[in-house]
Amino acid sequence: MPAPVIELHDVRKSFPLPGGETVRVLDVDSFVMTAGEQCALEGQSGSGKSTLLHVISGIMRPDSGRVVVDGIDLTRLDEARRDRVRADQLGLVFQQFNLLPGFTALENVLVAMSFGSGRPDRDRAAGLLAAVGLADRLHHKPAALSIGQQQRVAVARALANRPRVILADEPTASIDPAHQQQVIDLLKNTCAEERVALLVVTHAPEVAGQFPRRLRLEDFNRAARAAVRPA
Ligand SMILES: Nc1ncnc2c1ncn2[C@@H]1O[C@H](COP(=O)(O)OP(=O)(O)O)[C@@H](O)[C@H]1O
Ligand SMILES: [Mg+2]
């Protein structure tokens, strides 16, 4: 049995509503992913998929329960130490790629390395960009890259610090269909090579269908089943 790299136990998270009430968004007894596992996560809009990723990445603290990443219980750490775990153990890819607009592709990867515990490595950064097909775009800023190329920079950046886990929140939602498959192939192949666990949120059945494990949030998040929230 491969080692777990993500473990959630009894995780609850609520948000305040304007009237002073709260709405529970996460109510998860158990969620586990193991090293090298690849999983697609589907679910209705507003069902808490992004919130789940924020909690796993330590960006957001749950109200209760435990979130363990690569054996480290994030819920026992202060924000600065959670930031450190996120930089070292996790790679994040978002729908809006969140690249730094003033920096080149190479610099975007190097900046991510500077947040990790290792030292920024220009050769490795260039190698990651070459692996995503951008060897001839190292010195381009995001505005000079296509949307598909920008997302590939985001994938290279997510791999910068040799993470154990990649969390991707609708990574192909802003990309044209021709480049969607490239990004999915890239995530799957690089994660398989380095035994990185990969959790991809997607609305596209043709994307989800390519994953060996396919989950709907409603299946393991009681809050998503209980509440049909108005848009
Ligand atoms: N920071 C926040 N403050 C208040 N409500 C939030 C916050 N983040 C998310 N929510 C609410 O939590 C629910 C789930 O949101 P989200 O996790 O973004 O869903 P999904 O990614 O599945 O579409 C939504 O009702 C959303 O309005
Ligand atoms: Mg979302």
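Everything below is about the structure shown above.
Note that the structure is predicted; figures quoted are calculated from it, not measured. (Residues numbered from 1 in each chain as written. Chains lettered and ligands numbered in written order. Predicted model: local features only at pLDDT ≥ 70, side-chain atom pairs only at ≥ 80, totals over all residues. Heavy atoms only, no water.)

**Digging into helix H2 (residues 79–89)**
So, step 1. Here H2 has its buried residues at Arg82, Val85, Arg86, Ala87, Asp88 and Gln89.
So, step 2. For H2, the secondary structure elements touched by its buried residues are strand S4 (64–69), strand S5 (72–73), strand S6 (90–93), helix H3 (105–115) and strand S7 (165–169). (Buried < 20%, exposed > 50% of the residue type's maximum accessible area, 1.4 Å probe, protein only. Helix = DSSP H or I, 4+ residues; strand = E, 2+ residues; numbered from the N terminus. Contact = heavy atoms within 4.5 Å.)

**Overview of the site of ligand 1**
So, step 1. Close to ligand 1 lie 11 residues; Gly46, Gly48, Lys49, Ser50 and Thr51 are nearest.
So, step 2. Take Thr51: an N or O atom from its side chain is 2.6 Å from an oxygen atom of ligand 1.
So, step 3. Protein contact buries 60% of the 560 Å² of open area that ligand 1 shows by itself.
So, step 4. With three residues, helix H1 (residues 49–56) is the largest single contributor of residues to the shell around ligand 1.
So, step 5. Tallied by class, the residues present in the shell around ligand 1 amount to two nonpolar, seven polar and two charged. (Near = heavy atom within 4 Å. Polar contact = N/O pair within 3.5 Å; in protein donor to acceptor, adjacent residues only side chain to side chain. Areas by Shrake-Rupley, 256 points an atom, 1.4 Å probe, with all protein chains shown as cover. Nonpolar A, V, L, I, M, F, W, Y, C, P; charged D, E, K, R; others polar.)

**Observations concerning H3**
So, step 1. What H3 keeps buried is the set Ala105, Leu106, Asn108, Val109, Leu110, Ala112 and Met113.
So, step 2. Check the buried side of H3 and you find it contacts helix H4 (122–131) and helix H5 (147–158).

**Some points on the sheet that holds strand S2 (residues 22–34)**
So, step 1. The antiparallel open sheet is built from four strands, whose spatial order is S2-S1-S4-S5. Only two strands of the sheet have a single neighbouring strand rather than two, namely S2 and S5.
So, step 2. Relative to S5, S4 runs antiparallel, the two sharing two bridges. Of the residues in S5, the one forming a bridge with Val69 is Ile72.
So, step 3. Along the sheet, H1 contacts strand S1 (4–16), S2 and S4; its crossing angle with S1, the most-contacted strand, is approximately 120°. (Pairing = 2+ DSSP bridges. Axes fitted to C-alpha atoms, helices over the stretch in contact; angles between N-to-C directions.)

So yeah, pure geometry; function would need other evidence.
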